[in-house]
Amino acid sequence: MISANERLFLIESLKNGIRQDSRKLDQLRETHIYISPEEYGYVEVSWGHTKVSVRVSAAIDKPFEDRPFEGIFSINCDISSMASQKFDNYKVGNDEVLIGRIIEKAIRRSNAVDLENLCIVAGSKVWKIQVDANFLNYDGGLIDVGSFAVMLALQHFKKPDISIEDDVVIVHDVDQRQPVPLSILHVPVCLTYSFFTPYTREQILKGDTEEIWAMDATMKEEEVRDGMLVITMNKNRELIQLSKNGGVPIDASLLVELGMKGMQEVDRLTDMMRDVLKKDEKERYERGNLKLLEVGAAR
Amino acid sequence: MSQRIIIPGDSLSIETEGIKTSIGPGIYKNPKSQKVIPSSAGILNVKVNKKNTNQVVYTDSNSKRYIPQANDFVIGIVVGVIGEQYKIQLQEYSTNVLLSMMAFPNATKKNRPNLKNGQAVYARVSQAIPEIDIEIECIDPVTGKDGGFGLLDESGYIFDVNLNFARELLFNPSNIFLETLASRCQFEIAIGINGKIWIKCGDGLKIDKDETKDEKEDDDEDTPRKVDTSNSYLKDLKATLAAARFLTRCQFIRPEELDNELTEAFRAN
């Protein structure tokens, strides 16, 4: 439970557009990205004090019978009490389910990964891609950070190359043949808006109030907020998901405004992912001396 | 003075024969063998008095989980009432402690304090036996007066710090953090050893008294308190938040960065 002092201070300062960590209302926290230099598909993202590690792994499995041409893709979100004592290790709370579902809806159900591309032999062998997201520290914004890290890891991941000879599938070692990246159809980015209202229910229903909204709430702000909205979009200006589970009612025009505002952040985050991956790719290329292996290289 | 890190399982290389030994946090005496051993990892502190008759032994380390000890000064948040006792939360997601309604100065059965959920109190841990509920009190047991304990009003901001930082602020009279902060603004502070700090710069958040009274008569709990919106209140609000930001940052920086961090914290407004 949060003290009355903190609640009062938070609401009052938000009314005046001030946040504790001196951010602006529409400003995200600083992001630090660590990409594993050795393997493909392991990233750690720190977003303010929130931290998440994501690993992507691939295995060959039998496809579902009703979908013989599609690979299997699953996202597994684990929020242990290492992140915060708020989360129980043994019981799965409502928050955890919601966070997992929203991330899954944003990425898996929006077809961010091309499943047909994961097919090896129709009906018998497909790639099974498993994403494990572990939240290491919690300071709000698990949905935003989680989906960002998962998308980054998916774009970074490369599965071993395969070839088929007489119905026998050969998996080539990563050192033997260049591994192949997943086919990512689009990059969804989740943005969470938190709503705060210092007004009573009657005042809200009468409609002479204005909601205070803030992006990327910290833990304390999440405790105080009266409602939240998750907007998932991609760089192609497609709206993928809108999720608002209860909380204060908001104006339709505000929804449009927030969507428009969010586009800038979506662009920025998508570009950030691209730049980080490009940098990593370049470093690997230089470290592995891959220039020597190119077709036109002097040997 | 040599500083040594010890972990549980190490032997304490201190003399306990012929010298009166007081053990502090992190040290355990085996009741059977009367041997003194470390029970938590940290820096070993041994303080011997000049005559070589008394010594104090304890370990010091950083931790997040607060374990109440008798005579600790803590800041707690009221989370409920059981009979004649308040349930007080000293840390999020940890076991609540009890605060008797009689543990206030001049409290009687008829004249009880009226605390609401969410309000904060400054109190002393009066009893900390692990097997039973821990009790705190808002009264100085020697004088029977408030002794600085009691309700912390809502004009101040409460934030969390690491336990070792709270100890440093509370027990080290020569610490530089509060002095540095005082060079910038005027403030009132209450430090709980459970890692909570209540701070107020200037007048903090001013709550209009008359409005609050009116609402109490209306008995409408949903209506939030009206807040004084004069221009100076914003300044104090900002200063309070900045001071909290500064102290939070102080946990992680080196002393030479202190001034820089101070300007940074206050500039951000």
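Conventions used here
- Residues numbered from 1 in each chain as written.
- Chains lettered and ligands numbered in written order.
- Predicted model: local features only at pLDDT ≥ 70, side-chain atom pairs only at ≥ 80, totals over all residues.
- Heavy atoms only, no water.
- UniProt positions renumbered as here; feature names shortened; annotations may be inferred.
- Pairing = 2+ DSSP bridges.
- Helix = DSSP H or I, 4+ residues; strand = E, 2+ residues; numbered from the N terminus.
- Axes fitted to C-alpha atoms, helices over the stretch in contact; angles between N-to-C directions.
- Core = buried A, V, L, I, M, F, W, Y, C linked by side-chain atoms within 4.5 Å.
- Buried < 20%, exposed > 50% of the residue type's maximum accessible area, 1.4 Å probe, protein only.
- Contact = heavy atoms within 4.5 Å.
- Phe/Tyr/Trp six-rings, centres within 6.5 Å; stacked < 30°, edge-to-face > 60°.

An unreviewed UniProt entry lists chain B under the name Ribosomal RNA-processing protein 40, with Suhomyces tanzawaensis NRRL Y-17324 as the source organism. UniProt annotates chain B under Subcellular location (unreviewed entry) with the comment "Nucleus".

With an unreviewed UniProt entry as reference, chain A is termed Ribosomal protein S5 domain 2-like protein, source organism Suhomyces tanzawaensis NRRL Y-17324. Heading Sequence similarities (unreviewed entry) of the UniProt record for chain A holds this comment: "Belongs to the RNase PH family."

Residue and element names in this part refer to chain B. The strand order across the open sheet built from 3 strands is S13-S15-S14, with neighbouring strands paired in antiparallel fashion. With partners counted over all chains shown, the strands left at the sheet margins are strand S13 (157-160) and strand S14 (187-191), one partner each. Put simply, the sheet's adjacent strands are angled 20° from each other on average, direction ignored.

Residue and element names in this part refer to chain A. By size, the foremost hydrophobic cluster in this structure holds 66 residues, and its most contacted members are Val-54, Phe-73, Ile-107, Ile-129, Leu-154 and Tyr-193. With 10 residues, helix H3 (residues 142-156) is the largest single contributor of residues to this core. Sequence-distant contacts of Phe-73, defined by excluding residues within four places in its chain, comprise Ile-107, Arg-108, Val-113, Leu-115, Ile-129, Val-131 and Leu-154.

Take the packing of aromatic side chains next. Counted by the stated rule, this structure contains 9 aromatic pairs over all chains. Both rings, one in Phe-9 of chain A and one in Tyr-157 of chain B, keep their centres 5.2 Å apart while their planes meet at 50°; by these two values the pair is tilted. Remark: Tyr-157 of chain B occurs in strand S13 and Phe-9 of chain A occurs in helix H1 (residues 4-15); the pair is interchain, linking two chains. The two residues Phe-9 of chain A and Tyr-157 of chain B agree in class, both being buried. Taking 6.3 Å as the distance between ring centres and 75° as the angle between the ring planes, the aromatic pair formed by Phe-73 of chain B and Tyr-122 of chain B counts as edge-to-face.

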